[in-house]
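# Structural overview
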Amino acid sequence: MAAPRPGGGSAGVLLPVGFQLLVRLTSGYLAFYFLSTLGLIIRKSLELSYPPGALARDVGLLFLLAALDSLRLFCGVKGTRTESQGYILANLTATGTAILLTVYFLVWQTYVMKADVIISSVLLAIYSLDGVLAFGTLAQLVSIYSR
């Protein structure tokens, strides 16, 4: 149901359910992705020789991606509950940045295994769908509240 607007009533519109569900359901895959990628990095560090600084960069960017995903999920949930254009725009910005980090793990990390390609491709598809649905939700909110 539509949440009350600060300083006024609700628009009386139900935001796209697909975006709301996707925002809530991606947290499970994100936990799987983080743990799998961390495990793969540990395995690669034990079996392969990393250049100096590359292991720290890969692990640091993975933790940055996890923090960014937490922000993205928070903004998505808060944006759909409060019908806030700002939070959904922040979700879109965080999604774009997370896509860049996922492309790093898909293509540019020090050693890329087949498992990396598979799980990163699925995450990239999820982010793309999330971005499209967030953009549609933002467009719907702008059209409703600009009248």
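Conventions and cut-offs
Residues numbered from 1 in each chain as written. Predicted model: local features only at pLDDT ≥ 70, side-chain atom pairs only at ≥ 80, totals over all residues. Heavy atoms only, no water. Helix = DSSP H or I, 4+ residues; strand = E, 2+ residues; numbered from the N terminus. Buried < 20%, exposed > 50% of the residue type's maximum accessible area, 1.4 Å probe, protein only. Contact = heavy atoms within 4.5 Å. Areas by Shrake-Rupley, 256 points an atom, 1.4 Å probe, with all protein chains shown as cover. Salt bridge = Lys/Arg side-chain N within 4 Å of Asp/Glu carboxyl O. Phe/Tyr/Trp six-rings, centres within 6.5 Å; stacked < 30°, edge-to-face > 60°. Expected span 1.5 Å × (residues − 1). Bend = angle between axes of the 7 residues up to and from the residue. pLDDT = per-residue confidence, 0-100. Patch = residues over 30% accessible without salt bridge, like charges linked within 9 Å, V, L, I, M, F, W, Y side chains within 5 Å. Axes fitted to C-alpha atoms, helices over the stretch in contact; angles between N-to-C directions. Parallel < 35°, antiparallel > 145°, perpendicular 65-115°, else oblique. Left-handed = near helix turned anticlockwise from the far one by under 90°. Core = buried A, V, L, I, M, F, W, Y, C linked by side-chain atoms within 4.5 Å.

## Topic: the overall build of the protein chain
Counting secondary structure elements, the protein chain contains 4 helices and 0 strands. A buried classification covers 40% of the 147 residues belonging to the protein chain. Look at the contacts in the protein chain between residues 6 or more apart in sequence, and 78% of them connect residues 24 or more apart. With an accessible surface of roughly 7,700 Å², the protein chain has 72% of that area assigned to carbon and sulfur atoms.

## Regarding the pattern of salt bridges
Under the definition given, this model contains 4 salt bridges. D116 serves as the salt-bridge partner of K44, at 2.8 Å between the closest nitrogen and oxygen. Of this pair, K44 sits in helix α1 (residues 17–47) while D116 is found in helix α4 (residues 114–145), placing the two residues 72 residues apart along the sequence. Residue K44 shares its accessibility class with D116, and that shared class is buried. Salt-bridge contacts for D69 lead to R72; the nearest nitrogen and oxygen are separated by 3.4 Å. On the criterion of helical spacing, the pair formed by D69 and R72 is a turn pair, its members being 3 residues apart in helix α2 (residues 54–82). Overlapping salt bridges, with partners in common, bring together D69, R72 and D130 in one network.

## Focus on the packing of aromatic side chains
Counted according to the given criterion, the structure contains 5 aromatic pairs. A ring pair is formed by Y29 and F32, whose centres lie 5.6 Å apart and whose planes are at 50°; its orientation type is tilted. With a gap of 3 residues between them, Y29 and F32 both fall in helix α1, about one helical turn apart. A relative accessible area of 18% means that Y29 is categorised as buried.

## Quick notes on α1
Between its first and last C-alpha atoms α1 spans 45 Å; for 31 residues at 1.5 Å apiece the expected length is 45 Å, and the two agree. A bend of about 30° at S27 is the largest found in α1.

## Regarding the confidence of the model for the protein chain
Looking at the protein chain, the pLDDT average stands at 89 and 90% of residues meet or exceed 70. Between the elements of the protein chain, mean pLDDT differs from a low of 92, seen in α1, to a high of 96, seen in helix α3 (residues 85–108).

## Concerning a nonpolar patch on the surface
A surface patch of nonpolar side chains, amounting to about 300 Å² of accessible area, comprises V17, L21 and L25. Within the fold, L25 resides in helix α1. The class for L25 is exposed, based on a relative accessible area of 63%.

## Here we look at the packing of α1 against α4
For the pair α1 and α4, interaxial distance at closest approach is 10 Å and the crossing angle is 155°. On the basis of the axis angle, α1 is roughly antiparallel to α4. Between α1 and α4 lies a crossing of left-handed hand.

## Quick notes on the side chain of T102
One can find T102 in helix α3. With a relative accessible area of 0%, T102 lands in the buried category. Beyond its immediate sequence surroundings of up to four residues, T102 is in contact with L65, S120, L123, L124 and Y127.

## Thoughts on the nonpolar core
Counting 31 residues, the largest nonpolar core has Y29, Y33, L62, L65, F105, L123 and Y127 as its most contacted members. Broken down by secondary-structure element, the contributors of at least two residues to this core are α1, α2, α3 and α4. Take this core: its biggest share by element is 9 residues, from α1. Apart from the residues lying within four places of it in its own chain, the contact partners of L65 are Y33, A98, L101, T102, F105, L123 and Y127.

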